[in-house]
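So the chains spell out like this:
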Amino acid sequence: MWRISVQSVRHYWALFVGTFVALALGVALIGVSATALAATWAVPEPAAGLPSVTLTDGAGHARTLSGGALDMGGVQSVLAMAGVVSAFVTVFVIAGTCAFGIALRRRDMGLLRLVGAGGPQVRRMVLGESLAVAVPAAVTGCLAAAVAAPGVLDALNGTGLSPVELHLGPVLWPLVFAAGSGLLIAVLGVFAASKRAARVRPTEALREADLDARTMTGGRALTGAALLVGGAVTVSMAPGSGAEAATPLALFGTMALAVAAALLGPVYLPPLLRLLSLPLRWADPVAGRMAAASVTTSRRRTASLVGPVLAIVAIVGVFTTVLSTAGAATEADDRARTAAQLMVEPAGGGGLSPADLAALRADPRVAAVSAPAALDVAVAGPIEVWKDQAAVVDPAALARTHRITVTEGKAAALAPGTVAVSKEFADWYGRHVGTEVTYGLFGGRPVKATVVAVLDGGSAVPHLLLPPDAAGAAAAPERASVLLDPRTAGSAGAVAAELTRAIGPDRVKVTETARWFDHAATGQDRLNRLVLLVLTGPASLYALIAVASTLVMSYSRRGREVAGMRMIGVSAGQLRRMAVWESLGTTAAGVAIAAALVAIGARAYRGALTVLGGEAPLSVPWALLTTLAGSCMLVGVVVSLAATGRLLRQGGVAAITSRQ
């Protein structure tokens, strides 16, 4: 059957070119992500001699951690998420493309069965076709990844997401992983379709309209229903589960709903598209009616065209909306919790000196100053030792400059041998008032301290609040929050200018809190855009090409249909308008369904976020998603017009009598 598989690929090249392109690009995306991840793993560790601390966990095991090591976790998380998105889209598109290709050739499968081919032979032929396409596609994708990897790393270095410059490392194993993933995706993608091909009956050879025969098989319906229920349950668990737990629940729940929507498309897409096409029946009676009839009767083809658009818009939409909403909620909570009217930063970078802080506190118009000096510590738990964020800060001053709730204990100055902890830390590790926490500063010795307060203040409260005499706590505060006395201070702007002149513009920069947050939000928005570009840019481009490839596959089998309409008097212009309306209708349906799924996932995630005094804002990157939807429509229209023009140039009678 291998020879028949190769001949089939050669003969129906227009059907398989979509699978080849989709798989090659998918392998290239996975290869680039794996190569970039390998580059982060290959970053050399700093030279020996870094400060360290040894702590003993609750099980009696001594563990040594070093400070000052490079934190590559952020960029690695972004690259891993980009790889997951690329792999998911690749699996989705390849599975849909393979199933669509089999559906388009049901008559050919019936002819094979008619001449004596058994079901297992047909299945082996289909799997052979998959390998005949997958092997060169995987090689092409690996070559493309090897060529693109240096440029991608240069672009990644330009974003500033990595703390150090990344250099291309060994590429062999990342490319082997990408090629193996591509072959596995191809085999899995065609596996279910091959089972359907093996069940094709010889009578299918006599069927003309074979495309829509049994569009909803039992396996497809069962899988779609299971994913629909699973996705709905997962998304419904997100509200009230906390921000960290809600993130995977909202993301993967929405992805499951997207796959379910694609699988169940033949059931609900015809009535939906019939509703969307109602204006066309009035605006363009001939072309509009033909387009409506085409998309509502050819249910398998319609579902295959809607699927890639639905998948990429839903995936990109939920990822970008969740990330944007998380950033917006954090900013809103920080603004709401900050009672201080002024923010003070060092003019030349670095940290604020004790003299600067003393000058601020000595001003009669200043009621309170909190200046957390952040530092990394190691903390011992029952079974592990981990790095955590701490700060040397006065809880009493912090509670005045910020709206903080004291859930346990009292917000007072910390004495030696005591610490305060955040509510999150207390909930995660069970450290409440009266319990002990063992921590150590890098380069120092373990310290046992008693928890005297638990504070709930969002990101304004570090996990551990240390007393001023904490050994080795020499880090200078990066900024200070200043609460003004309303009885003696005038406008915040005037006080900011006067404090700057009094202390020295070469030493400090005093800014009103609202302006400071606006400036910080601008910088954070830039970083968020870069992260979203890395996450969704390659996958979006891939999806656009997948949309074009699916359309090419679809039109490769529509020559007889187009020629028949020309024979009964339909003009070339009407056929072109029909192609445009079909493309716009299927794309609009995919975008609308994806928008509904993104709204469900985003609303569920938003319910897990807390903002002091109000509801978490919903941040949607409208520009990105609108551009993506418009690009899908543009690609669909251009490819449909080009394919229709090619069929029109074939000639009517020749197309009708030609072998499909």
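Keep in mind that this is a model prediction, so the values were computed, not measured.

(A) Structural detail: the overall build of the chain. When helices and strands are tallied, the chain shows 21 helices and 13 strands. Counting all 660 residues of the chain, 49% fall into the buried class. For the chain, contacts bridging at least 24 residues in sequence account for 82% of all contacts bridging at least 6. For the chain, the exposed area adds up to about 29,300 Å²; of that, 63% sits on carbon and sulfur atoms.

(B) Spotlight on the pattern of salt bridges. In this structure the tally under the stated criterion is 11 salt bridges. Among the salt bridges present, the one from Arg-365 reaches Asp-363, with a minimum N-O distance of 3.0 Å. Take Arg-365 and Asp-363: they sit in the same class, and that class is buried. Two residues, Glu-615 and Arg-606, come together in a salt bridge whose shortest N-O distance is 3.3 Å. Residue Arg-606 is classed as partly exposed on the basis of its relative accessible area of 22%. Salt bridges sharing common partners tie together Glu-331, Arg-335 and Asp-518.

(C) Representation of the sheet that holds strand 4 (residues 366-370) in the model. Pairing within the open sheet is antiparallel, and its four strands lie in the order 4-12-3-13. Edge positions in the open sheet fall to strand 4 and strand 13 (508-512), since each of these has one partner strand only. Recorded for the sheet is a direction-independent mean angle of 25 degrees between the axes of neighbouring strands. This element, helix 16 (residues 492-503), spans strand 3 (342-346), strand 12 (480-484) and strand 13 of the sheet and lies at about 180 degrees to strand 13.

(D) Region of interest: helix 9 (residues 265-276). Buried residues of helix 9: Gly-265, Pro-266, Leu-269, Pro-270 and Leu-273, and no others. Buried residues of helix 9, viewed axially, fall in a sector of 115 degrees; they line one side. For helix 9, the exposed residues lying more than 90 degrees away from the buried face are Val-267 and Leu-275.

(E) Summary view of the pairing of strand 5 (residues 373-380). Burial within strand 5 is extensive, with six of its eight residues counted as buried. Where strand 5 folds back onto strand 6 (residues 385-392) in an antiparallel hairpin, the turn is made up of four residues. Pairing analysis gives four bridges linking strand 5 to strand 9 (residues 436-441), with the strands arranged antiparallel. By the bridge assignment, Val-379 is partnered in strand 9 with Tyr-439.

(F) Representation of the packing of aromatic side chains in the model. Scanning the model with the defined rule gives four aromatic pairs in all. Where Trp-386 meets Tyr-429, the ring centres are 4.4 Å apart and the plane angle is 20 degrees; that geometry is what we call stacked. Taken as a pair, Trp-386 in strand 6 and Tyr-429 in helix 15 (residues 423-429) lie far apart in primary sequence, 43 residues in all. On the accessibility criterion, Trp-386 (12% relative accessible area) is buried. Look at Trp-428 and Tyr-429: their rings are 6.3 Å apart centre to centre, the planes differ by 85 degrees, and that puts the pair in the edge-to-face class.

(G) Spotlight on a nonpolar patch on the surface. Together, Leu-131, Val-135, Val-139, Leu-143 and Val-187 make up an exposed nonpolar region whose accessible area comes to about 400 Å². Of the residues forming the nonpolar patch, the biggest block, four residues, is contributed by helix 5 (residues 119-159).

(H) Broad picture of the environment of Leu-127. As for its placement among the helices and strands, Leu-127 is situated in helix 5. The exposure class of Leu-127 is partly exposed, given its relative accessible area of 26%.

(I) Layout of the packing of helix 7 (residues 218-236) against helix 8 (residues 243-263). Orientation of helix 7 relative to helix 8, taken along the N-to-C sense of each, is 155 degrees, at an axis distance of 8 Å. Relative to helix 8, helix 7 is oriented roughly antiparallel. Helix 7 and helix 8 meet at a crossing whose hand is left-handed. Residues Arg-220, Thr-223, Gly-224, Leu-227, Leu-228, Gly-231, Ala-232, Thr-234 and Val-235 of helix 7 pack against Leu-249, Gly-253, Thr-254, Ala-256, Leu-257, Val-259, Ala-260, Ala-262 and Leu-263 of helix 8. Here the residues of the contact of helix 7 with helix 8 sort into 11 nonpolar, six polar and one charged.

(J) Structural detail: helix 12 (residues 299-337). With 39 residues, helix 12 extends 54 Å from end C-alpha to end C-alpha; this agrees with the ideal 57 Å at 1.5 Å per step. Val-306 marks where helix 12 bends most, by close to 30 degrees; the proline Pro-308 follows one to four residues later.

(K) Here's a closer look at the packing of helix 18 (residues 559-567) against helix 19 (residues 572-606). Closest axis-to-axis distance for the helix 18/helix 19 pair is 10 Å, and the angle between their directions is 140 degrees. As judged from the angle between their axes, helix 18 and helix 19 are oblique. Where helix 18 crosses over helix 19, the two elements pack in a sense that is right-handed. Where helix 18 abuts helix 19, its residues Val-562, Met-565 and Arg-566 lie against Ala-572, Leu-575 and Met-578. Class assignment for the residues of the contact of helix 18 with helix 19 results in five nonpolar, no polar and one charged.

(L) Up close: the side chain of Gln-574. Relative to the helices and strands, Gln-574 is located in helix 19. Taking the relative accessible area as the measure of exposure, Gln-574 reaches 18% and is therefore buried. If near-sequence neighbours (up to four positions away) are discounted, Gln-574 is found in contact with Val-286, Ala-287, Met-290 and Gly-569.

The rules behind each value
- Residues numbered from 1 in each chain as written.
- Predicted model: local features only at pLDDT ≥ 70, side-chain atom pairs only at ≥ 80, totals over all residues.
- Heavy atoms only, no water.
- Helix = DSSP H or I, 4+ residues; strand = E, 2+ residues; numbered from the N terminus.
- Buried < 20%, exposed > 50% of the residue type's maximum accessible area, 1.4 Å probe, protein only.
- Contact = heavy atoms within 4.5 Å.
- Areas by Shrake-Rupley, 256 points an atom, 1.4 Å probe, with all protein chains shown as cover.
- Salt bridge = Lys/Arg side-chain N within 4 Å of Asp/Glu carboxyl O.
- Pairing = 2+ DSSP bridges.
- Axes fitted to C-alpha atoms, helices over the stretch in contact; angles between N-to-C directions.
- Arc of directions from axis to C-beta.
- Phe/Tyr/Trp six-rings, centres within 6.5 Å; stacked < 30°, edge-to-face > 60°.
- Patch = residues over 30% accessible without salt bridge, like charges linked within 9 Å, V, L, I, M, F, W, Y side chains within 5 Å.
- Parallel < 35°, antiparallel > 145°, perpendicular 65-115°, else oblique.
- Left-handed = near helix turned anticlockwise from the far one by under 90°.
- Nonpolar A, V, L, I, M, F, W, Y, C, P; charged D, E, K, R; others polar.
- Expected span 1.5 Å × (residues − 1).
- Bend = angle between axes of the 7 residues up to and from the residue.

This is a description of form; function is not addressed.
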